[in-house]
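An overview of the molecular structure
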Amino acid sequence: MKISALDLKKQIAPIRKEIDLAIKEVIDNSSFILGSGVSRFEENAAKYVNARYAVGVSNGTDAISLSLLALGIGRGDGVICPAFTYYATAGAVANIGARPVFADIDRDTYNISVESVKKILTKKNKFKIRAIIPVHLYGQCADMDGILKLARKYKLKVIEDTAQAFGAEYKGKKAGTLGDCGSVSFYPGKNLGAFGDAGLILTNSKTLAEKLKILRNQGNKNKYHHLVLGRNNRMDTIQAVVLDVKLKYLDEWNKKRQPIAEYYNLNLSGLNFKTPFVPDYTTHIYHQYVLRAPVSNKGSIEHLQSKGIDSRVFYPIPLHLQKCFKYLGYKVGDFPEAEKAAKQLFTLPIYPEMTQEEKDYIICSVKN
Ligand SMILES: Cc1ncc(COP(=O)(O)O)c(C=O)c1O
C-alpha cells in the first residue's frame, strides 16, 4: 500500500465545480491581482476568525515580514522566535534586517517555551528586543497567556505565526487574533491551501491594517503615489477565490482530522512512542500528527517509508544550527529541547479523506 502525507486530489474532487466556476469568473473579469475577489476573501476570513481586519498577501513568509515592518520593527531589532519551527519564521525576520533571537521549545507541546523567553528577556542582550513570534506549531496554539504577559511587561509586539494552525482556538479565540498581528500561510499543503502561494495577516488594529495594505502594494495608497518603501506582496485573485470556496469547508475538514488523531492515540498507546500532548487551553487541528521516538526517529522513518507510508521529519535541523543562521553565533547544546525534537519527532499521514484501511495499515506498521 502507498499512503501519501496528504491527498489534495481527494480534497478537491467534491468541490471541483465550485472552484472551476470561481476561477472562470476571475478569467472572465480579467482582474488577476487584488480587486473584489481578494476583498471578499479578506472579509470572509476576518469573519471566520472574528478579527476586525484581514489583509491578503503573497505568502505566509511575507505575512511575517510585512507585519514586522508595519509594527515599525526592522534593521538591528531583536525578534524572539522558537529555535524549532519552519525556516520561514526566522527567515522573514532576518530578511528585513532584524535579528532572530532564538528561544527553546516546551518539551511536551513543541511550541515556544515561555520560560526560555523569560530567560532571554531577563538577561542583558546585545540587541534591543522588540517582538516575539510564537509559532502555533503542527496545528495547536502556543501558551499565549504566558507570551502576552511577557510582551506587556517588556513592551514587545507579538506576531502569531499561524501558518499551521488556521482555525485552531486558544481558550475559545481563533489562533492569530490574540497578538498584534497573526500571519497565515495558504501554502497548498496547509489545512486551508491555495493553488499556489498565498498568505494573510490578521489584526484588530485599523491603523495596522491600513499600513499593511500600503506596504503590500509597493507603498501605494493611490496609484503612483508611493508613501513609503513598500514591497510587491499582493495576493493573486485566483488564489483568493479558491480560498474563499475552500474556507466554507475548513471547519468540517479540521474536525475530520481530530478523530483520526484520536484513533492513532488510542491504538498506539502503550508503545514506546509519545503521542501528541494537547494542553487544555488549545484545540488541535492536526496540521501534522507527530510521534516522538525515545532516542532517534531514524529507524521509525525508514521502516514506515519502506512500507509505503509517507512519514516525515518536521524539522530535522533546528534553526540555531542552520548554516544560514551561523552568523548569529549559536552552537550545539544552546537549545536542548529543540535539538531533541529534531532527532526524535516524526509524522504519520493525516488528512480528512483517509480511509479506515489506511489508518489501520499505518497503525499496524508503527506497531511492527
Ligand atoms: C510555521 C511556518 N511559518 C511560516 C511559513 C511560511 O509560509 P509560506 O510557505 O506561505 O511562505 C510556513 C509554511 O510553510 C510555516 O509552516
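Here goes a summary of the coordinates provided. Computed from a predicted structure; not experimentally measured.

The subject of this paragraph is the packing of helix α9 (residues 237–268) against helix α12 (residues 356–367). Where α9 meets α12, the axes come as close as 10 Å, and the angle between the chain directions of the two elements is 35°. The handedness of the crossing between α9 and α12 comes out as right-handed. For the pair α9 and α12, the contacting residues are Ile260, Tyr263, Tyr264, Asn267 and Leu268 in the first and Gln356, Lys359, Asp360, Ile362, Ile363, Val366 and Lys367 in the second. Across the contact of α9 with α12, the residue classes break down as 7 nonpolar, 2 polar and 3 charged.

Our focus in this paragraph is the nonpolar core. Counting 44 residues, the largest nonpolar core has Leu68, Val79, Phe84, Phe102, Tyr138 and Ile201 as the members making the most contacts within it. Sorting the residues of this core by element identifies β1 (53–57), α4 (60–70), β2 (78–82), α5 (87–94), α8 (206–216) and α11 (336–344) as the ones contributing at least two each. Here this core takes 5 residues from α4, the largest share from any one element. Shared between two domains, this core takes at least three residues from each, and those domains are domain 1 (8–245) and domain 2 (249–367).

Looking now at the pairing of strand β8 (residues 181–185). Among the 5 residues that make up β8, 5 are buried, leaving the element largely enclosed by the rest of the structure. Residue alternation in β8 divides its side chains into two sets, Cys181, Ser183 and Ser185 and Gly182 and Val184, and both sets are buried. In this sheet, β8 lies alongside strand β5 (residues 157–161) in parallel orientation, the contact comprising 3 bridges. Across the sheet, residue Asp161 finds its bridge partner in β8, namely Ser183.

Take the site of the ligand next. Close to the ligand lie 13 residues; Gly60, Thr61, Asp161, Gln164 and Ser185 are nearest. Between the ligand and Thr61, the relevant distance is 2.5 Å, taken from an oxygen atom to a side-chain nitrogen or oxygen of the residue. Contact between the ligand and Ser185: an oxygen atom at 2.7 Å from a side-chain N or O atom of the residue. If you list the elements that add at least two residues to the shell around the ligand, you get α4 and α5. Across the shell around the ligand, the residue classes break down as 4 nonpolar, 7 polar and 2 charged.

Okay, α5 next. In terms of burial, α5 is a largely internal element, 6 of the 8 residues being buried. Burial in α5 covers these residues: Ala88, Thr89, Ala90, Gly91, Ala92 and Val93. On the buried face of α5, the contacting elements are α4, β2, β3 (99–103) and β5.

Strands in a sheet are paired, the pairing made by backbone hydrogen bonds, and the direction either parallel or antiparallel. Strand order in the open sheet formed by 7 strands is β1-β9-β8-β5-β4-β2-β3, with mixed pairing between adjacent strands. At either margin of the open sheet sits one strand with a lone partner, and together these are β1 and β3. For this sheet the average axis-to-axis angle between neighbouring strands, irrespective of direction, equals 25°. The strands touched by helix α3 (residues 35–49) are β1 and β9 (199–203); relative to β1, the strand with the most contacts, the crossing angle is about 130°. In the packing of helix α7 (residues 144–154) onto the sheet, the strands contacted are β4 (129–132) and β5, and the crossing angle to β5 comes to about 155°.

Looking now at a nonpolar patch on the surface. Judged by side-chain polarity, Ile27, Phe32 and Ile33 come together as a nonpolar surface patch covering roughly 280 Å² of accessible area. In this structure, Ile27 sits in helix α2 (residues 16–29).

For the structure on display, the rule yields 16 salt bridges. In this structure, Lys24 and Asp28 form a salt bridge, with 2.9 Å as the shortest nitrogen-oxygen distance. Here Asp28 and Lys24 lie together in helix α2, a separation of 4 residues that amounts to about one turn. For Lys24, a relative accessible area of 47% translates into the label partly exposed. According to the relative accessible area criterion, Asp28 is exposed, its value standing at 54%. Residue Glu337 is joined to Lys340 by a salt bridge in which the shortest nitrogen-to-oxygen separation is 3.3 Å.

Mapped onto the elements, Arg99 comes out in strand β3. Ignoring sequence-local partners within four residues, the contact set of Arg99 consists of Asp77, Gly78, Val79, Val93, Phe127, Tyr327 and Leu328.

Mapped onto the fold, Gln11 is located in helix α1 (residues 8–12). Beyond its immediate chain neighbours, meaning those up to four positions away, Gln11 contacts Asn191, Lys246, Trp253 and Glu353.

We now examine the packing of aromatic side chains. On inspection of all chains with the given rule, the structure shows 17 aromatic pairs. Measuring from ring centre to ring centre gives 6.5 Å for Tyr86 and Tyr87, while their planes differ by 85°; the resulting arrangement is edge-to-face. You can call Tyr87 partly exposed: its relative accessible area is 36%. With a centroid separation of 5.2 Å and 40° between ring planes, the pair formed by Tyr170 and Tyr281 is classed as tilted. Highlighted residues: Tyr170 in strand β6 (residues 169–170) and Tyr281 in the loop between α9 and β10 (289–292), separated in sequence by 111 residues. When its relative accessible area of 2% is taken as the criterion, Tyr170 is described as buried. In this structure an aromatic cluster arises from ring pairing among Phe84, Tyr86, Tyr87, Phe102, Phe314, Tyr315, Phe325, Tyr330 and Phe335.

What counts, and where the lines are drawn
- Along each chain, the written sequence defines residue order, and numbers are assigned to residues from 1.
- In keeping with the predicted nature of the model, local features appear solely for residues at pLDDT of at least 70, side-chain atom pairs appear and are counted solely at 80 or more, and the whole-chain, interface and lining totals rest on all residues.
- Side-chain measures here rest on the full set of heavy atoms in the structure, leaving out hydrogens and waters.
- Note on geometry: axes are C-alpha line fits, over the in-contact stretch for helices, and angles between N-to-C directions span 0 to 180 degrees.
- In DSSP terms, a helix is any run of H or I states spanning at least four residues, a strand is any run of E spanning at least two, and both are numbered starting from the N terminus.
- Take the far helix as your reference; a near helix turned counterclockwise from it by less than a right angle gives a left-handed crossing, and one turned clockwise gives a right-handed crossing.
- In this description, contact between two residues means that some pair of their heavy atoms is separated by no more than 4.5 Å.
- In this count, Pro and Cys sit with the nonpolar residues alongside Ala, Val, Leu, Ile, Met, Phe, Trp and Tyr, while Asp, Glu, Lys and Arg are called charged and the others, Gly among them, polar.
- To qualify as a nonpolar core, a set must consist of buried Ala, Val, Leu, Ile, Met, Phe, Trp, Tyr and Cys residues joined through side-chain atoms within 4.5 Å.
- Whether a residue is buried, partly exposed or exposed follows from its accessible area with a 1.4 Å probe, protein chains only, as a fraction of its type maximum: under 20%, in between, or over 50%, in that order.
- Here the bounds of each domain stem from an automatic or database domain assignment.
- The pairing criterion is simple: DSSP has to find at least two bridges between the two strands.
- Residue proximity to a molecule or strand is established when one non-hydrogen atom of the residue lies within 4 Å of it.
- Whenever a nitrogen or oxygen atom comes within 3.5 Å of another N or O atom, the pair is scored as a polar contact, on the condition that within protein one atom can donate a hydrogen and the other can accept it, and that pairs from neighbouring residues in sequence are kept only if both atoms are in side chains.
- Only residues whose relative accessible area exceeds 30% and that form no salt bridge enter a patch; like-charged residues are grouped when within 9 Å of one another, and nonpolar side chains (Val, Leu, Ile, Met, Phe, Trp, Tyr) when within 5 Å.
- Residue burial considers only the protein chains on display, and all accessible areas are found by Shrake-Rupley using a 1.4 Å probe.
- What makes a salt bridge here is a side-chain nitrogen of Lys or Arg within 4 Å of a carboxyl oxygen of Asp or Glu, nothing more.
- By convention, a stacked pair of Phe, Tyr or Trp rings (six-membered ring in the case of Trp) has centres within 6.5 Å and planes under 30 degrees apart, an edge-to-face pair has planes over 60 apart, and any other such pair is tilted.

The values reported here are purely geometric and, on their own, carry no functional implication.
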